[in-house]
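Each chain is listed here by its residues.
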Amino acid sequence: MEAKAQAKYVRVTPQKSRRVINEIRGKRVLDAVDVLTYAPQAVARDIKAVLLSAVANARFKADEAGERFDEEALRIVAAYADEGPTMKRIRPRARGRAARILKRTSHITVVVSDGKSNEKEA
């Protein structure tokens, strides 16, 4: 069973998000939660929230289908950070000029699966 969760418009650059996401991609969910709990990057909190939401979505799907849910069997099959809209701001500079500040955002997506495919979905 596969489940997905997304966080949109997270106020962190996609480059910084990808650094943390690359550490957890392909790992078991419980191991990834441990990594994210102790990661020094601030975005790890947001990624952990998305991961736990994906696990909750998987639990809900299993309950709906009447299947047994095993959190230890879940693995992260896909995790990525896409670029969201960029907020453009102006900073005053010398001699009456202006410099542009780009405040970037990310769309963080995590997909978890237990490795079993449903015949109903196929």
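Conventions used here
Residues numbered from 1 in each chain as written. Predicted model: local features only at pLDDT ≥ 70, side-chain atom pairs only at ≥ 80, totals over all residues. Heavy atoms only, no water. Axes fitted to C-alpha atoms, helices over the stretch in contact; angles between N-to-C directions. Helix = DSSP H or I, 4+ residues; strand = E, 2+ residues; numbered from the N terminus. Parallel < 35°, antiparallel > 145°, perpendicular 65-115°, else oblique. Left-handed = near helix turned anticlockwise from the far one by under 90°. Contact = heavy atoms within 4.5 Å. Nonpolar A, V, L, I, M, F, W, Y, C, P; charged D, E, K, R; others polar. Core = buried A, V, L, I, M, F, W, Y, C linked by side-chain atoms within 4.5 Å. Buried < 20%, exposed > 50% of the residue type's maximum accessible area, 1.4 Å probe, protein only. Arc of directions from axis to C-beta. Pairing = 2+ DSSP bridges.

Let's talk about the packing of helix α2 (residues 29-37) against helix α3 (residues 43-65)
Then step 1. Running from N to C, α2 and α3 point in directions that differ by 160°, and their axes come no closer than 9 Å. With respect to their mutual orientation, α2 and α3 come out roughly antiparallel. Here the hand of the crossing between α2 and α3 comes out left-handed. Only Ala44, Ile47, Lys48, Leu51, Leu52 and Val55 of α3 make contact with α2, whose side of the interface consists of Val29, Ala32, Val33, Leu36 and Thr37.
Then step 2. Each residue belonging to the contact of α2 with α3 can be placed in one class, and the counts come to 9 nonpolar, 1 polar and 1 charged.

Description of the nonpolar core
Then step 1. Val29, Ile47, Leu51, Ile76, Ile108 and Val112 are the most contacted members of the largest nonpolar core, which has 27 residues in total.
Then step 2. Put simply, the parts of the chain that give this core at least two residues each are β1 (2-10), α1 (14-24), α2, α3, β2 (75-83) and β5 (106-113).
Then step 3. The element contributing the most residues to this core is α3, with 8 residues.
Then step 4. Beyond its immediate sequence surroundings of up to four residues, Ile76 is in contact with Ile24, Arg25, Gly26, Lys27, Val29, Ala32, Leu51, Val110, Val111 and Val112.

Thoughts on the packing of α1 against α3
Then step 1. Where α1 contacts α3, the two axes come as close as 10 Å, and the packing angle between them is 55°. When the interaxial angle is binned, α1 and α3 end up oblique. Helix-helix and strand crossings are classified by hand; for α1 and α3 the assignment is right-handed. Facing α1, whose interface residues are Lys16, Ser17, Val20, Ile21 and Ile24, α3 presents Val43, Ala44 and Ile47.
Then step 2. Looking at the contact of α1 with α3 residue by residue, the classes come out as 6 nonpolar, 1 polar and 1 charged.

Things to note about α2
Then step 1. Listing the buried residues of α2 in full gives Val29, Ala32, Val33 and Leu36. Along the axis of α2, the buried positions cluster into a sector of 105°, meaning they face one direction only.
Then step 2. Here the buried face of α2 lies against α1, α3, β2 and β5.

Focus on the pairing of β5
Then step 1. Most of β5 sits inside the fold, with 8 of its 8 residues counted as buried.
Then step 2. Both faces of β5 are covered, namely the face carrying Ser106, Ile108, Val110 and Val112 and the face carrying His107, Thr109, Val111 and Ser113.
Then step 3. Of the pairings in the sheet, the one linking β1 to β5 comprises 7 bridges and is antiparallel in character. Paired with Ala5 across the two strands is Val110, which belongs to β5.
Then step 4. Sheet analysis places β2 next to β5, joined by 8 bridges and oriented antiparallel. If you follow Ala78 over to β5, its bridge partner there is Val111.

Quick notes on unusual backbone geometry
Then step 1. In the Ramachandran plot, Tyr9 falls in the positive-phi region, its phi being about 60° despite a non-glycine side chain.
Then step 2. Judged by its relative accessible area of 53%, Tyr9 falls in the exposed class.
Then step 3. Even without a glycine there, the phi angle at Arg95 is positive, about 60°.
Then step 4. Along the chain, Arg95 falls in the loop between β3 (87-92) and β4 (98-103).
Then step 5. We classify Arg95 as exposed; its relative accessible area is 74%.

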